[in-house]
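# Examination of the molecular architecture
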Amino acid sequence: MSQPDDADEIKSIEIGSVSQLFVETTFPTTTEEVLAEFADVDVVYPRESDTLRTILETSGHETYESRSELELAVLNGVRRDAVGRPRYSDRGDSPHDTDEQIRTQQSF
């Protein structure tokens, strides 16, 4: 796994940009190799943050074949509240949702 020249300077990264952390990573790679380079990087999301070590420990020791596979492991490993409100959708009402209470709970 190769390390970007400025990887030592990366101390935190927003959850939406986490794939950028692995741009210079050579795949396949393992959880152990990723943590050897990025374990102390904080992944920041609204109101919280966790180290990459904490997040990837939930996935066990894996081998990642691609950057998107590693990113998915990170996204699957974050806390439930890291990626938005539970059961929230910005897609609007379905044609059958006519209940006024459901519509007033949606955020626009």
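Residues numbered from 1 in each chain as written. Predicted model: local features only at pLDDT ≥ 70, side-chain atom pairs only at ≥ 80, totals over all residues. Heavy atoms only, no water.

Residue alternation in strand β3 (residues 42-45) divides its side chains into a buried set, Val43 and Tyr45, and an unburied set, Asp42 and Val44. Here four bridges tie β3 to strand β4 (residues 48-51), and the two strands are oriented antiparallel to one another. Among the inter-strand pairings, Tyr45 is bridged to a residue of β4, identified as Glu48. The hairpin turn running from β3 into β4, its antiparallel successor, is two residues long, and Arg47 in that turn takes a positive phi close to 70°. (Buried < 20%, exposed > 50% of the residue type's maximum accessible area, 1.4 Å probe, protein only. Helix = DSSP H or I, 4+ residues; strand = E, 2+ residues; numbered from the N terminus. Pairing = 2+ DSSP bridges.)

Bringing helix α3 (residues 67-77) into the picture now. Taken together, the buried positions of α3 are occupied by Leu70, Ala73, Val74 and Gly77. Across the axial projection of α3, the buried residues extend over an arc of 100°, all falling on one side. Among the exposed residues of α3, those oriented more than 90 degrees off its buried face are Ser68 and Asn76. Contacts from the buried residues of α3 go to α1 (31-38), α2 (52-56) and β5 (63-64). (Arc of directions from axis to C-beta. Contact = heavy atoms within 4.5 Å.)

Before going further, it helps to examine the environment of Asp42. Position of Asp42 relative to the elements: it lies in strand β3. Since its relative accessible area comes to 28%, Asp42 is described here as partly exposed. Separated by 13 residues in sequence, Asp42 and Ile55 have C-alpha atoms that sit 9.7 Å apart. Beyond its immediate sequence surroundings of up to four residues, Asp42 is in contact with Lys11, Ser12, Ile13, Ser49, Asp50 and Thr51.

Let us look at the environment of Gly60. Assignment of secondary structure puts Gly60 in the loop between α2 and β5. Owing to a relative accessible area of 28%, Gly60 belongs among the partly exposed residues under this scheme. For the pair Gly60 and Ala73, spaced 13 residues apart in the sequence, the C-alpha separation amounts to 9.8 Å.

This part is about the confidence of the model for the protein chain. Scored by pLDDT, the protein chain comes out at a mean of 78, with 66% of its residues at no less than 70. At the level of individual helices and strands, the protein chain shows its lowest average pLDDT in helix α4 (residues 100-105), which scores 60, and its highest in strand β2 (residues 29-30), which scores 96. For the stretch residues 1-7, pLDDT sits under 50, and the model shows 16 contacts to residues farther than four places along the chain or on other chains. (pLDDT = per-residue confidence, 0-100.)

What follows deals with the sheet that holds strand β1 (residues 12-14). Reading across from one edge, β1-β3-β4 is the order of the three strands in this open sheet, with mixed pairing throughout. Across the chains shown, the open sheet's two edge strands, defined by having one partner strand only, are β1 and β4. Pairwise comparison of adjacent strand axes, ignoring direction, gives a mean angle of 25° for this sheet. (Axes fitted to C-alpha atoms, helices over the stretch in contact; angles between N-to-C directions.)

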